[in-house]
Amino acid sequence: MGVNIITTLNALAEPNRLNIVELLRHGPLTVGEITERLGLRQPQTSKHLRVLSEAGLVEVQAITNKRIYRLQSEPFQALDTWLESYRIVWEERFDNLEKYLQKLQSQKNQSES
């Protein structure tokens, strides 16, 4: 199953959802724990978790009357792969810029001599 980068980015674009993901990076949490740590109301937290779940970013496990949420790795690996293509382009551009600046500095030093 392919991961949709746009869905991932849309889910992460909302600050509270991004904060939830940041919390879950440290391990699974219940809705109550997330609510308490972020200072949100429980219905808000549940709504954000539903969006994250529908985007495939979190999975939920029901144990008795608790729902425990944890991150899914696949969407973040897909995002990293997608971003890597941009890293390569930017590193190449920065290398070219560095060479250009060195050339300018060299020309300046020669003209001052």
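It should be noted that the structure appears before, not after, this text.
Residues numbered from 1 in each chain as written. Predicted model: local features only at pLDDT ≥ 70, side-chain atom pairs only at ≥ 80, totals over all residues. Heavy atoms only, no water.

**With respect to a negative patch on the surface**
For step 1, the next point in the chain: A surface patch of negative charge is lined by Glu-91, Glu-92, Asp-95 and Glu-98.
For step 2, the next point in the chain: Within the fold, Glu-98 resides in helix α5 (residues 73-112). (Patch = residues over 30% accessible without salt bridge, like charges linked within 9 Å, V, L, I, M, F, W, Y side chains within 5 Å. Areas by Shrake-Rupley, 256 points an atom, 1.4 Å probe, with all protein chains shown as cover. Salt bridge = Lys/Arg side-chain N within 4 Å of Asp/Glu carboxyl O. Lys, Arg positive; Asp, Glu negative; His and termini not counted. Charge placed at Lys NZ, Arg CZ, Asp CG, Glu CD. Helix = DSSP H or I, 4+ residues; strand = E, 2+ residues; numbered from the N terminus.)

**A look at the pattern of salt bridges**
For step 1, the next point in the chain: What the rule picks out here adds up to three salt bridges.
For step 2, the next point in the chain: Across the pair Arg-87 and Asp-80 runs a salt bridge, and its minimum N-O distance is 3.0 Å.
For step 3, the next point in the chain: For Asp-80, a relative accessible area of 40% puts it in the partly exposed group.
For step 4, the next point in the chain: Three or more residues joined by partner-sharing salt bridges are found here, namely Asp-80, Glu-84 and Arg-87. (Buried < 20%, exposed > 50% of the residue type's maximum accessible area, 1.4 Å probe, protein only.)

**What to know about the nonpolar core**
A general trend in soluble globular proteins is that nonpolar side chains are found buried together.
For step 1, the next point in the chain: Counting 17 residues, the largest nonpolar core has Ile-20, Leu-24, Ile-34, Leu-49, Leu-52, Leu-57 and Tyr-69 as its most contacted members.
For step 2, the next point in the chain: Of all the secondary-structure elements, those providing two or more residues to this core are α1 (5-12), α2 (15-24), α3 (31-38) and α4 (42-54).
For step 3, the next point in the chain: Among the elements that line this core, the one with the most residues is α2, at four residues.
For step 4, the next point in the chain: Non-local contacts of Leu-49, meaning those with residues more than four positions away in its chain, are made with Ile-20, Val-31, Ile-34, Val-58 and Tyr-69. (Core = buried A, V, L, I, M, F, W, Y, C linked by side-chain atoms within 4.5 Å. Contact = heavy atoms within 4.5 Å.)

**Quick look at the packing of aromatic side chains**
Aromatic ring pairs are defined here through the distance separating the ring centres and the angle between the ring planes.
For step 1, the next point in the chain: On inspection of all chains with the given rule, the structure shows two aromatic pairs.
For step 2, the next point in the chain: Geometrically, the ring pair formed by Trp-82 and Tyr-86 is edge-to-face, given 5.1 Å between the ring centres and 65 degrees between the ring planes. Taken together, the residues Trp-82 and Tyr-86, both in helix α5 and four residues apart, mark about one turn of the helix.
For step 3, the next point in the chain: Positioned over the ring face of Trp-90 is Arg-93, at 5.2 Å from the centre of the ring. (Phe/Tyr/Trp six-rings, centres within 6.5 Å; stacked < 30°, edge-to-face > 60°. Lys NZ or Arg CZ within 6 Å of the ring centre and 35° of its normal.)

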